[in-house]
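# Structure at a glance
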Amino acid sequence: MISACLLGQRVRFDGAAAQVEDELLTRWIEEGRLVAICPEVSGGLPVPRPSAELRGGSGADALDGRSLVVTASNTDVSEHFLAGARAALELAQRHRIRVAVLKDRSPSCGSLQIYDGSFTRTRIGGEGVTAALLRRSGIRVFSEAELPAAAAALAELESALSGAAPRR
Ligand code: SF4
C-alpha cells in the first residue's frame, strides 16, 4: 500500500502531490504491486482542504478517542480521519497487504513524525491515524524515506511464504 500523493496524485491539502522518484517505486509499479490510497480523500475530505494536525496525542490516541484531529481554525475533523483510516484498512485487507509506505508527517499517513498541533510546523515523534490503525492490524508501515527497509520487509515476507509453500 502506498500514499497516493507519493505516486504523484494531487491529493494533498493544498492540491499538490509529494511525488517520490525512486528505482524501488518504479519497480513496484512495473510489477503491479502498489495499491494507492489517500485516506483523507477516502474519509470524505475535499482537495484542497484546510491543513489539520493531531492535538492531544498521536494517531493511536485518536483511534481510542483520546486525541483529536483539528484544523487551524479549531474545526474537529477527527471523524473524517477515522473514516479514512478504516477505508485504508479495508482496502489493505481486501488486497492482503502486509507492507505500507506512507507519507511521513501527515496526521493520517505519518509513521515516524507528525506535527504537534500548534500549527507552527513543529515536528514531534509519532504516527498518524491511518498509520496507527494499519500497524494495529499487523501491517508494517514505513515512511517514504525508508524504501530500502520496506523492500527488505517485503523480501523477508516473500521468502517466508515461499519457504512455507507445499512441495509438489
Ligand atoms: Fe498523502 Fe496521506 Fe495526506 Fe492523502 S492523507 S495527501 S495520501 S499524506
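Structure: see above.
Residues numbered from 1 in each chain as written. Predicted model: local features only at pLDDT ≥ 70, side-chain atom pairs only at ≥ 80, totals over all residues. Heavy atoms only, no water.

In this section: the site of the ligand. Around the ligand, the structure places 14 residues, and the nearest of them are Cys5, Cys38, Glu40, Lys103 and Cys109. Assessed atom by atom at 2 Å from the grid points, the ligand resides in the largest pocket. The residue inventory of the shell around the ligand, partitioned by class, reads 7 nonpolar, 3 polar and 4 charged. (Near = heavy atom within 4 Å. 1 Å grid on protein atoms, 1.4 Å probe; cavity = no way out; pocket = protein on both sides within 12 Å on 5 of 7 lines; lining within 4 Å. Sits in = over half its atoms within 2 Å of the grid points. Nonpolar A, V, L, I, M, F, W, Y, C, P; charged D, E, K, R; others polar.)

A few words on the nonpolar core. Generally speaking, nonpolar side chains in soluble globular proteins are found buried as a group. If you look at the biggest cluster of nonpolar residues, it comprises 27 residues, and the most contacted ones within it are Met1, Val129 and Leu134. At the level of elements, strand S3 (52–55), helix H4 (78–94), strand S5 (99–102) and helix H5 (129–136) are the ones that each hand at least two residues to this core. Ranked by residues supplied to this core, first place goes to H4 with 7 residues. The residues touching Leu134, leaving out its near neighbours within four places in the chain, are Met1, Ala88, Leu89, Ala92, Ala100, Leu102, Ile139 and Val141. If you look at the next biggest cluster of nonpolar residues, it comprises 19 residues, including Trp28, Cys38, Ala153 and Leu157. (Core = buried A, V, L, I, M, F, W, Y, C linked by side-chain atoms within 4.5 Å. Buried < 20%, exposed > 50% of the residue type's maximum accessible area, 1.4 Å probe, protein only. Helix = DSSP H or I, 4+ residues; strand = E, 2+ residues; numbered from the N terminus. Contact = heavy atoms within 4.5 Å.)

Looking now at the pattern of salt bridges. Using the criterion set out here, one finds 10 salt bridges in the structure. Note that Asp64 is salt-bridged to Arg136, the shortest N-O span being 2.8 Å. In this pair, Asp64 is assigned in the loop between helix H3 (59–63) and strand S4 (68–71) and Arg136 in helix H5, connecting sequence segments 72 residues apart. Between Glu127 and Arg135 there is a salt bridge, with its nearest N and O atoms 2.7 Å apart. Exposure remark for Glu127: the relative accessible area of 16% places this residue in the buried category. The structure contains a network of salt bridges with shared partners spanning Arg27, Glu31, Arg33 and Glu158. (Salt bridge = Lys/Arg side-chain N within 4 Å of Asp/Glu carboxyl O.)

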